[in-house]
Amino acid sequence: MEKHDKDHAELSEVFNKDEDRVNWHDETLWWVRAKRDKAVNQLPEWETLRDLASQIKHNVLGSLDIYLEQFEKNALANGVHVHWATDAEEHNKIVYQLLTEKSINRMVKSKSMLTEECGLNDYLAEHGIEVIDSDLGERIVQLAKEHPSHIVLPCIHKKKEEIGELFHEHLGTPAGVSDPQFLTETARQHLREVFLTRRAALTGVNFAIAETGEFVVCTNEGNADMGAHLADIHIASMGIEKLIPERKHLGVFLRLLTRSATGQPITTYSSHFKSPAEGKEMHIILVDNGRTTQLGREDFRNSLKCIRCGACMNTCPVYRRSGGHSYQNAIAGPIGSILAPNLDMEAHADLPFASTLCGSCSNVCPVKINIHEQLYKWRQVIVQSGKAPAGKKMTMKAMDITLSSPGAYRFAGKAGRLALKFIPFAVNNNLNPWYKHREMPEPPAQSFREWYRSNRNSK
Amino acid sequence: MTVGLFIPCYVDQFYPGAAIATLQLLEKLGVNVVYPQNQTCCGQPMANSGFEHLTSGCNRLFLENFADFDYIVAPSGSCVLHVREHLHDEKIAGQAAGVSKKVYELTSFLTDILNVESLPSRFPFKVGVHQSCHGQRGLHLSQMSELVAPAFSKPGKLLNMVKDIEIIQLDRVDECCGFGGTFCVAEEAVSAKMGKDRVADHLRHGAQFITGVDMSCLMHMEGILRRQKSETKVIHIAEILNAE
Amino acid sequence: MENTSSREAILAKVRRNKPGATAMPDIDFLEKNVNGSLAKLSAMLDTIGGKLFQVNDWTEIVSTIRAQHPGDGTIYSPIPEVQHITGQINQDEFDGHNLANVEVGIVKAHFAVTENGAVWVTDDQLGNRALPFICQHLAAVIGEDDILPTLHEAYTRSAGHQYQYGAFIAGASKTADIEQSLVLGAHGPRSMMVFVLGKGEAL
């Protein structure tokens, strides 16, 4: 697995060197959170919907094998091919095989975080298959040779001037043009040609219905449909946890999804794919890639309820001020931080600590994942597994000894106050990270205990 | 009833004024308050850093000091939440569970147990209220902006009893200040930026004082205010409620 | 089915690791059995790149479309009532590519949903599935009794629909990917008209 050179804290420090840019990133995402608030407050039944969605997802996890088999049976009866992939590599191989069987070497793709997780684009490129991402935000990061920084707003970290430069370099727009209308129109024309000429289209899956074997893909742009309806073969990649039991449950989930994600009541398109059109093929790839492992973790299996709305990222004060790339995972932010350690605990040991445990994420989550509690629990697991840095372990052991003994505690406290009073330079310097942007507290003459002993009768 | 006074370690050492105000306020309200002198810390800094398995010493000390009181009151949302959720002792599990239920953050003790309806306090200043996360979202001291639910605020209710106080509006009513325990040094850049932004919100709206239920948040914001050489000060809510 | 061994491995691991079964909650109480509001639907459409027109007959639909989209752009529709204005297109219904130059596409929809402005269409109404995406402007026609308040009623109403493909379509295609600046007309149509056919009440 990958080992990262820098961790979240170090990358965030770099991100914070440009304060104006951090303010811009923070305010943009806060605005998305504010739009979400406005939308959800229009539904008095909002908290009821969250509760129901959470219960439905719990029901799914408790009978996941049954729903998977039911979904497969119905999908097959609908004339859809169903594939199973235990991991990312197997998923990628299946896609590759489906394409080469038809002598296809160019594919158009709509948004799928699962394929980001599997590294599909790179895999296919290595094997001579060109993939064009058709979602505007994803196309932009693809041209920039970057990964998406947000699961719903892939290029939220990019300014329009930067996008203008990218389009000038790759799509021939005039230099210096950054008007979003103009740039979007350019992308429309460029991608229309792609839709009209690609014989294979790959989409993600927002929800798969066990009851009927159909699956739903939600977009604002219409790119999933443009690709799928014009291609000969439509491949849909899906994490096994994306199932919901009955069609009518979509009423609950679709009402929650987009309001949570962007503050819209619904995406422009919620497309229900059931059977391929005449003369065409439809394939679904059911992907595990660590999900069954997470399913077995009692404290963390709830993270599989996630419907990938991104609300937790928008509300997270740390994510807004560090950016998605500082998480070094396909899925960033709070939900990413409880999913990633399951995939690779060593590589992602930093993520559960990239949080103040403020709890905002858990309370915007439409399916009521207890994200902040899982962050706390992952910290215990990571430290117990020996992945905490040695220096930290020593500090904590010292803290334990000091705080378990009233005498040691009082001695340390007094020593600290005296140091601040008489040798402040020992504390107020660049070796003290607190001191970089903050003054140390003023040392009082007495601790409360000392005051109590002189002002109240000892009891 | 007898109340055991639980004072967070850093309040004891660095902000005794908040503890003194808490004690005096409770006594004014007719409560018999005892301060067990061998208390140290609730263990939260270790637990939040992933070292919950090292907190049994703290847990044992807490039980020894506080087991026999009717209620345990602390001027801190964060410490109280930690004790409520994580105080356990393998050997005396039942006792631990019983004790943690009796622990109250100060403002909720005043509103929920003492049913305080008026205070003889006066604080003629513009005050910004920082809603510390653990108290708000963990202990439900006030409604959080994430939920579609009726508004309420226990600290707010008490502050409104204080004469001549002016509570200012904020742009972001309950965004985290960025202290987060060891986060404040482990992720220093983000922590400082969050604190800076919180402070700026209060300053933009004319706060002369920033208050809240947790001295840890206030200590972090004070560090930033003093670095900026601002006139605005932080003050624990106990000191406002106790002010005359 | 393909990848039998992977299938068996995944299912076996699920069975081993899954939590205990929990009850399915009832959600039927969310349905209100009321009609949707025409006024609210119109207001919602205005916010999503759509526009509502109350009309009495197909002639009005045709003339409104012509007024909204003057010029000689190709109009295409599988609806019998508007065949007289449909342009000459290679009627190979199986190939959406032939619709690439359609200026206005007109389709019937089953109903509209007030809370989000969406209409529900199924493949049997579309002629070709690509039509409502590939045209530059889309028009959908519903009856005056076909306005539902929320998605709960929508899923009940469409429960018996036999379809191989269906979609909720809410206004014009759009994106805000560039600095959260909303642009209408991403890859799908640039605008949407919803015609409510029947006498109905004035807005």
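All residue numbers refer to positions counted from 1 along the written sequence of the respective chain. Labels are handed out in written order, letters beginning with A for the chains and numbers beginning with 1 for the ligands. Given that this is a predicted model, residues contribute local features only at a pLDDT of at least 70 and side-chain atom pairs are listed and counted only at 80 or more, while totals for whole chains, interfaces and linings are drawn from all residues. Only hydrogens and water are set aside when side-chain values are computed; all heavy atoms of the structure are taken into account.

**Overview of the overall build of chain A**
Here is step 1 of the chain: Strands here mean DSSP runs of E at least two residues long; helices mean DSSP runs of H or I at least four residues long; both are numbered from the N terminus. Counting secondary structure elements, chain A contains 21 helices and ten strands.
Here is step 2 of the chain: Taking the principal axes of its C-alpha atoms as reference, chain A extends roughly 90 × 55 × 45 Å.
Here is step 3 of the chain: When accessible area is computed with a 1.4 Å probe and restricted to protein chains, residues below 20% of their type maximum are described as buried, those above 50% as exposed, and intermediate ones as partly exposed. Put simply, chain A has 459 residues, and 63% of those count as buried.
Here is step 4 of the chain: Residue contacts are defined here by distance: any two heavy atoms, one from each residue, within 4.5 Å place the two residues in contact. Summarising the internal contacts of chain A: among those between residues at least 6 apart in sequence, 74% fall at separations of at least 24.
Here is step 5 of the chain: We get accessible surface area from the Shrake-Rupley algorithm with a probe of 1.4 Å; when it comes to residues, only the shown protein chains can shield them. About 16,400 Å² of surface is accessible on chain A, with carbon and sulfur atoms providing 51% of the total.
Here is step 6 of the chain: Taking the average place of the 56 positive charges on the side chains of chain A and the average place of its 57 negative ones, the gap between the two points comes to 8 Å. Neither His nor the chain ends contribute to the count of charged residues, in which Lys and Arg are positive and Asp and Glu negative. Where a charge sits is defined by one atom per residue type, namely NZ (Lys), CZ (Arg), CG (Asp) or CD (Glu).

**What to know about the sheet that holds strand β3 (residues 130-133) of chain A**
Here is step 1 of the chain: Here, strands pair whenever DSSP counts at least two bridges between them. Taken together, six strands build an open sheet; the order of strands is β1-β10-β7-β4-β2-β3 (chain A) and the sheet is parallel. What marks the edges here is a single partner per strand, and that holds for β1 (81-85) and β3 of chain A. Between one strand and the next, the sheet's axes are offset by a mean angle of 25 degrees, whatever the strand orientation.
Here is step 2 of the chain: Working convention: axes come from line fits to C-alpha atoms, limited for helices to the stretch in contact. Angles between N-to-C directions cover 0 to 180 degrees. Together, β1, β2 (106-109), β4 (200-203), β7 (233-239) and β10 (281-287) of chain A form the strand contacts of helix α5 (residues 88-101) of chain A, whose direction differs from that of β1 of chain A by roughly 145 degrees.
Here is step 3 of the chain: Taken strand by strand, helix α1 (residues 4-17) of chain C contacts β1 and β10 of chain A, and its axis lies near 65 degrees from that of β1 of chain A.

**Topic: the nonpolar core**
Here is step 1 of the chain: For this analysis, a nonpolar core means a set of buried residues of the types Ala, Val, Leu, Ile, Met, Phe, Trp, Tyr and Cys, connected via side-chain atoms within 4.5 Å. Grouped together as the largest cluster of nonpolar side chains are 238 residues, with contacts concentrated most on F448 of chain A, F6 of chain B together with F168 of chain C.
Here is step 2 of the chain: In this structure, I104, C118, Y123 and I129 of chain A belong to the second largest nonpolar core, which totals 21 residues.

**Remarks on the environment of V141 of chain A**
Residues and elements named next belong to chain A.
Here is step 1 of the chain: Locating V141 in the fold gives a position in helix α8 (residues 136-143).
Here is step 2 of the chain: Separated by 167 residues in the primary sequence, V141 and R308 have C-alpha atoms spaced 19 Å apart.
Here is step 3 of the chain: Residues contacting V141, with those up to four places away along its chain left out, are E146, H147, P148, P154, C155 and H157.

**Brief notes about the domain arrangement of chain A**
Buried accessible area, meaning the area lost when the parts come together, often serves as the stated size of an interface.
Here is step 1 of the chain: These domain limits were set by an automatic method or by a database of domain assignments. Domain assignment breaks chain A into domain 1 (8-292) and domain 2 (405-458).
Here is step 2 of the chain: Summarising the inter-unit geometry, the C-alpha centres of domain 1 of chain A and domain 2 of chain A are found 53 Å apart.

**Quick look at a nonpolar patch on the surface**
Residue and element names in this part refer to chain A.
Here is step 1 of the chain: A grouping of L418, F422, I423 and F425 is seen on the molecular surface, where their side chains present a nonpolar patch of about 440 Å² in accessible area.
Here is step 2 of the chain: Assignment of secondary structure puts F422 in helix α20 (residues 406-422).
Here is step 3 of the chain: Note on F422: relative accessible area 57%, which makes it exposed. Nonpolar side chains (Val, Leu, Ile, Met, Phe, Trp, Tyr) within 5 Å and like charges within 9 Å form the patches, drawn only from residues with over 30% relative accessible area and no salt bridge. We define a salt bridge as a contact between a side-chain nitrogen of Lys or Arg and a carboxyl oxygen of Asp or Glu at a distance within 4 Å.

**Here we look at the interface of chain A and chain C**
Here is step 1 of the chain: The interface of chain A with chain C comprises 101 residues on the first partner and 71 residues on the second.
Here is step 2 of the chain: Together, the buried faces of chain A and chain C total about 7,200 Å²; carbon and sulfur atoms form 58% of this surface.
Here is step 3 of the chain: Reported buried area values correspond to the accessible surface (1.4 Å probe) lost by two parts on association, with both partners' losses combined. The largest per-residue losses of area from chain A upon contact with chain C belong to W84, R188 and R247 of chain A, which jointly make up 10% of the total buried on that side.
Here is step 4 of the chain: Inspection of the region where chain A meets chain C yields nine salt bridges.
Here is step 5 of the chain: The partner of R259 of chain A in a salt bridge is E115 of chain C, with the nearest N and O atoms 2.9 Å apart.
Here is step 6 of the chain: Per-element tally for the side of chain A that touches chain C: the top contributor is helix α10 (residues 180-197) of chain A, with twelve residues.
Here is step 7 of the chain: Only Asp, Glu, Lys and Arg are considered charged, only Ala, Val, Leu, Ile, Met, Phe, Trp, Tyr, Cys and Pro nonpolar, and every remaining residue, Gly among them, polar. Of the residues contributing to the side of chain A that touches chain C, the split by class is 44 nonpolar, 31 polar and 26 charged.
Here is step 8 of the chain: With five bridges joining them, strand β9 (residues 269-273) of chain A and strand β8 (residues 165-169) of chain C adopt antiparallel strand pairing. From the neighbouring strand, Y269 of chain A faces β8 of chain C, where its bridge partner is I169 of chain C.

**What to know about the arrangement of the chains**
Here is step 1 of the chain: Of all two pairs of chains sharing an interface, the pair with the highest contact count is chains A and C.
Here is step 2 of the chain: Contact between chain B and chain C is absent, and the minimum C-alpha spacing across the pair is 17 Å.

**A look at the layout of surface pockets**
Here is step 1 of the chain: Here a cavity means grid points, on a 1 Å grid over the protein atoms only, where a 1.4 Å probe fits yet cannot get out; a pocket means an open set of points with protein on both sides within 12 Å along at least five of seven lines; lining residues are those with an atom within 4 Å of a point. Grid points are joined across faces, edges and corners, and a volume is the space filled by probe spheres set on the points. Each pocket or cavity is described by its volume, and for the second largest pocket that value is around 1,400 Å³.
Here is step 2 of the chain: Along its surface, the second largest pocket is lined by 47 residues, and M399 of chain A together with Y10, P45, F179 and M219 of chain B are the ones closest to its centre.
Here is step 3 of the chain: When contributions to the lining of the second largest pocket are tallied by element, the ones reaching two or more residues are α19 (390-404) and α20 of chain A together with α1 (9-14), α3 (44-51), α5 (77-86), α8 (133-138), α10 (183-186) and α12 (215-227) of chain B.
Here is step 4 of the chain: No other element matches the seven residues that α19 of chain A contributes to the lining of the second largest pocket.

**As for the pairing of strand β8 (residues 233-236) of chain B**
Residues and elements named next belong to chain B.
Here is step 1 of the chain: Taken together, the four bridges between strand β7 (residues 209-212) and β8 define a ladder with parallel strand orientation. The residue bridging T211 from the neighbouring strand is I235, located in β8.
Here is step 2 of the chain: Seen with its strands pointing away from the viewer, a crossover is right-handed if its path from the first strand over the helix to the second goes clockwise. Regarding the hand of the β-α-β motif, the stretch spanning β7, α12 and β8 is right-handed.

**Details of the packing of helix α18 (residues 371-384) of chain A against α3 of chain B**
Here is step 1 of the chain: Packing of α18 of chain A against α3 of chain B leaves a shortest axis separation of 7 Å and a crossing angle of 70 degrees. One way to sum up the angle between α18 of chain A and α3 of chain B is to call them roughly perpendicular. Note on element contacts: α3 of chain B touches α18 of chain A through A47, N48, S49, G50 and F51 of chain B, opposite Y376, R379, Q380 and V383 of chain A.
Here is step 2 of the chain: The residue makeup of the contact of α18 of chain A with α3 of chain B, split by class, is four nonpolar, four polar and one charged. Any angle from 65 to 115 degrees is called roughly perpendicular, while one under 35 is roughly parallel, one over 145 is roughly antiparallel, and all others are oblique.

**Some thoughts on the pattern of salt bridges**
Residue and element names in this part refer to chain A.
Here is step 1 of the chain: Considering all chains together, one arrives at 57 salt bridges over all chains under this definition.
Here is step 2 of the chain: In this structure, D37 and R36 form a salt bridge, with 2.8 Å as the shortest nitrogen-oxygen distance. Taken individually, D37 and R36 each receive the classification buried, so the pair is uniform in this respect.
Here is step 3 of the chain: The partner of E130 in a salt bridge is R198, with the nearest N and O atoms 2.8 Å apart. Note that E130 is positioned in strand β3 and R198 in the loop between α10 and β4, a separation of 68 residues in sequence.
Here is step 4 of the chain: Exposure remark for E130: the relative accessible area of 33% places this residue in the partly exposed category.

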